[in-house]
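The residues making up each chain are set out below.
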Amino acid sequence: MKRFISMFMQDLILANRNGLILVTGILLIAMLALVLFLPKQLKIHNEMILDLSQGTILATYLNNQGVGEDVVFIEEQEFNQKLEKQPNKVGVIFSGDLENPVFAFLINSQIPMENINLLKASLDRAILDLRGESTATIPVRFLRGVMQTPPLNLKIIPIALVFEVVLLGFFFVSVMMFQEKQEATLRAYRVTPGGAWNYILSKNLLFIVLSIAYGLPLLLVGFGLSINYGLILLLVVMTASMMTLISLFIAVFFRNLSEWFFVGVAVLVINSLPSISYGIPSFSPAWMSWIPSYPAVFAVRDVLFNAATWVDVLPTIVLLLVLNGIGFLLAYLAIQRKLLKEG
Amino acid sequence: MFKRIINLMRQDWTNAVRDNILLYMMIAPLLLALGARFFLPSLNQNQYTFAVQSSLNSELVHRLDQIGKIELFDDANDVKERVLRSDDVPGLIIENNQPQIIMEGNEGDEAQVLQSVIEQALSGDVVAQYSLTQGESGARSLLKEYGAIIFILINTLLGSLVMAFNIIEDKESKAMRALGVSPLSMLELTIARGLFALVLSLIMVVSSTMILVGTQVNFGLLLMGFAFSIALPILTGYVIGGLADNQLKAIAILKFYFLIYLTLPIITVVIPQKSHIFFYWLPNYWMWHTFEQVFIGNLGGPGFLLSGIITFFSSLLLVVICYPFLRRQLKLR
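Some points on the overall build of chain A
- Within chain A, the secondary structure is distributed over 14 helices and five strands.
- Whereas a compact globule of 343 residues would reach a radius of gyration of roughly 20 Å, chain A reaches 26 Å, over 25% beyond that.
- With the C-alpha coordinates aligned to their principal axes, the bounding extent of chain A is approximately 90 × 40 × 35 Å.
- Looking at the 343 residues of chain A, the share that counts as buried comes to 52%.
- Once local pairs closer than 6 in sequence are excluded, the contacts in chain A between residues at least 24 apart make up 73%.
- Across chain A, 23 positive and 22 negative side-chain charges occur, with their mean positions spaced 20 Å apart.

Right under this line is the structure:
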């Protein structure tokens, strides 16, 4: 235990001396600024609508629905100018009247036909609403009850936790190892009774502590005391530990930062892909869910916004536990058999 | 002067070959670009998925199939289980011989829209007349184009990191101290290390663009855009290599730098044009804007040439401001 504490203190001092704690503090301030100053709502529409009908009934209807400026137009010139500058949007031109509505779509980028049909159904519905003919005939059931949509500034917190906070260990632990190789401190460590256990656990604890120091203020500022901190911190700790262990394992096989960096970036990019599914939940190909950060980010989301309990996130916790076990075993074998045996 | 520059470049080349940097640097970004080439089209084809109980009338299933992807389940409980998974998938089951829409409850405002759209699609009623016109660039996938721009920024950064890591290695091995008493000047070091970084970046930029968008892009403009951006990788290399005494500090600085370098320009894709003014002070914003015009077209603001010139002079200005400070840091003439 004494050896472990001494090793941990050394790592902590090294991290502080190299500005790691300072940079974590600066990153925390940047993230806090995002949480505090990001708008609570940002409506992004994929279409722009021009109403050329007499009386501009559709434009009035959509404006009353709160669709907002830069989406609904009654001036053709302004509409064309704006559409030209936003080629990713579908231009919709409404003409005719309520009895004979005519819509023309202008498309400047690849859009699946299903999404066009979805837009058609939505416009049909708007016309029926205007005619006073729309009726809700199919009942809807909400399996978890109706929950409020989280504001945008809080919605980024799971992303910040899983793709930023817990990655501290992934980024820095390898570099610490390379520095120890270069400064020959590892050679000195080999002749001490410290061993692979202390080496791995000390580094892992350092980055768990840093991740909590980075993540906890974010959670406190965003949610106050209204969330299940035990559960959320457990998820943060387990994900941070998993990423640190993976990084330790990979780093053993590289001589220096320059060699490791490009492979590290590749792993990092792959690990960050589930952030796309988080932003666009309807996009989740099966292979995406195999990336460990995928269940982690959704479990964090469910705890923060959907009042998920231990039972709800148990499968993710079990998965992270298994991945931590595998990560530890791989890191231990690599460090014991290669790193601490090299000449 | 030229001999000293060539010697330093030769030295960097030897280091890069010895440390397998060239190998990794070429392979990793190209593999990522290949991955993106296969991945981005699927993102572009993103559409709603509906979990549907298979006993639903086949005509209704067909109508729903027109507005999204269908996943069929034999049992209503299986549909509910699918709806409860992490992604946003609404369901349709049969209860008391009537269809019922199932949602998770966290859909927010979208729930009402989804309900009315599903109902409308299932009704099969034709309310309006529709026509569709594809623009000249209608077959374009903007995601691929934006992906290519992101790769250009990343690859330029990677090239400059080789420069930064070489400077740090020289500091750590005390070679920088030896260079300080040699006739090598800061300008010569900048040219040698900068050229090396730029050549590496250029190779990766061209090859990743070829992988992602093929020959659909104007490579003449691409090269011009790269030429406008050359001071930015030099600035990056100096900021990281000059400020960090060791690798750990370099990564710490990089972590923060990356946030400003790549994240901020990407954000401009989704925020309104009038808010772009907050990013005008960033050379990387102008670099992004320059390449946006190469790949997508002018979406507002200055044209290609003007934004290229702003990129060049704004990053050069920052290099000039940092130059004396970094010369002191590196202890060179």
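What follows continues from the structure just given.
Considerations on the pairing of strand β2 (residues 69-73) of chain B
All names here are of chain B.
- For strand β1 (residues 49-53) and β2, the ladder comprises five bridges, and the chain directions are parallel. Residue pairing for β2: F50 is matched across the bridge by I70.
- Chirality of the crossover, the property in question, places the unit of β1, helix α3 (residues 58-65) and β2 among those that are right-handed.

Examining the sheet that holds strand β4 (residues 98-103) of chain B
- Strand order in the open sheet made by the five strands is β5(A)-β4(B)-β3(B)-β1(B)-β2(B), with mixed pairing throughout. Each having just a single partner strand, β5 (140-142) of chain A together with β2 of chain B make up the two edges of the open sheet. Here the strands of the sheet are splayed against their neighbours by 30° on average, with no regard to which way each runs.
- One ladder, built from two bridges, connects β1(B) with strand β3 (residues 91-95) of chain B; its direction is parallel. Within β3(B), the position partnered with B:A51 by the bridge is B:G91.
- Packing against the sheet, α3(B) makes contact with β1, β2 and β3 of chain B, and its axis sits at approximately 145° to β2(B).
- The strands that helix α5 (residues 110-123) of chain B touches are β5 of chain A together with β1, β3 and β4 of chain B; relative to β4(B), the one it contacts most, it runs at about 150°.

Points about the interface of chain B and chain A
- Across the contact, 84 residues belong to chain B and 91 residues belong to chain A.
- For the pair chain B and chain A, the two sides together bury roughly 8,000 Å², of which 62% comes from carbon and sulfur.
- Counting the surface chain B buries against chain A, the share from its top three residues, B:Y130, B:L248 and B:K255, is 10%.
- If you look at where chain B meets chain A, you find four salt bridges.
- Among the ionic pairs, B:E119 bridges to A:R125, the shortest N-O distance being 2.7 Å.
- Viewed at the interface, chain A and chain B are joined by 21 residue pairs in polar contact (both at pLDDT 80 or more).
- For the side of chain B that touches chain A, the elements supplying multiple residues, two or more each, are α2 (21-44), α4 (76-83), β4, α5, β5 (129-134), α6 (142-172) and α11 (247-267) of chain B.
- If you tally residues by element for the side of chain B that touches chain A, the top one is α11(B), at 10 residues.
- Here the side of chain B that touches chain A is built from residues that sort into 39 nonpolar, 28 polar and 17 charged.
- Sheet analysis places β5(A) next to β4(B), joined by three bridges and oriented parallel.

A word on the sheet that holds strand β2 (residues 72-73) of chain A
- Strands sit in the order β2(A)-β1(A)-β3(A)-β4(A)-β5(B) across an open sheet of five strands; the sheet is mixed. The two strands at the open ends of the sheet, each matched to only one other strand, are β2 of chain A together with β5 of chain B.
- Taken together, the two bridges between strand β1 (residues 47-51) of chain A and β2(A) define a ladder with parallel strand orientation. Looking at the pairing, A:L50 lines up with A:F73 of β2(A).
- Here helix α3 (residues 57-64) of chain A sits on the sheet in contact with β1, β2, β3 (90-96) and β4 (101-107) of chain A, set at roughly 135° to β1(A).
- Of the strands in this sheet, β1, β2, β3 and β4 of chain A are in contact with helix α4 (residues 76-84) of chain A, which crosses β1(A) at around 165°.

Thoughts on the confidence of the model for chain A
- Per-chain confidence: chain A averages 87 in pLDDT, with 99% of residues scoring 70 or above.
- Within chain A, the lowest mean pLDDT, 79, falls on helix α8 (residues 185-190) of chain A, and the highest, 94, falls on helix α10 (residues 229-251) of chain A.

Here we look at the layout of surface pockets
- By volume, the second largest pocket is sized at about 520 Å³.
- Considering the residues around the second largest pocket, the lining is formed by 24 residues, among which B:V239, B:L243, B:I253, B:F256 and B:Y257 are closest to the centre.
- Contributing elements (two or more residues each) for the lining of the second largest pocket: α2 (20-37) of chain A together with α10 (231-243), α11, α12 (283-295) and α13 (304-330) of chain B.
- At seven residues, α11(B) tops the list of elements feeding residues into the lining of the second largest pocket.
- Across the lining of the second largest pocket, the residue classes break down as 20 nonpolar, three polar and one charged.

Some details on empty space enclosed by the protein
- Inspection of every chain in the model, using the stated rule, returns two cavities of 30 Å³ or more.
- In this structure, the largest cavity occupies an estimated 40 Å³ of space.
- As for the largest cavity, its lining consists of B:Y48, B:D88, B:V89, B:P90, B:E107, B:E110 and B:L114.
- Of the residues that constitute the lining of the largest cavity, the class distribution is four nonpolar, no polar and three charged.
- In this structure, the second largest cavity occupies an estimated 30 Å³ of space.
- Lining the second largest cavity are A:F262, A:V265, B:A28, B:P29, B:L32 and B:L158.
- Broken down by class, the residue content of the lining of the second largest cavity amounts to six nonpolar, no polar and no charged.

About the criteria used
- Residues numbered from 1 in each chain as written.
- Chains lettered and ligands numbered in written order.
- Predicted model: local features only at pLDDT ≥ 70, side-chain atom pairs only at ≥ 80, totals over all residues.
- Heavy atoms only, no water.
- Helix = DSSP H or I, 4+ residues; strand = E, 2+ residues; numbered from the N terminus.
- Rg over C-alpha atoms; globule rule 2.2 N^0.38 Å.
- Buried < 20%, exposed > 50% of the residue type's maximum accessible area, 1.4 Å probe, protein only.
- Contact = heavy atoms within 4.5 Å.
- Lys, Arg positive; Asp, Glu negative; His and termini not counted.
- Charge placed at Lys NZ, Arg CZ, Asp CG, Glu CD.
- Pairing = 2+ DSSP bridges.
- Right-handed = clockwise from strand over helix to strand, strands pointing away.
- Axes fitted to C-alpha atoms, helices over the stretch in contact; angles between N-to-C directions.
- Buried area = accessible area lost by both parts, 1.4 Å probe.
- Salt bridge = Lys/Arg side-chain N within 4 Å of Asp/Glu carboxyl O.
- Polar contact = N/O pair within 3.5 Å; in protein donor to acceptor, adjacent residues only side chain to side chain.
- Nonpolar A, V, L, I, M, F, W, Y, C, P; charged D, E, K, R; others polar.
- pLDDT = per-residue confidence, 0-100.
- 1 Å grid on protein atoms, 1.4 Å probe; cavity = no way out; pocket = protein on both sides within 12 Å on 5 of 7 lines; lining within 4 Å.
- Points joined across faces, edges and corners; volume = space filled by probe spheres on them.

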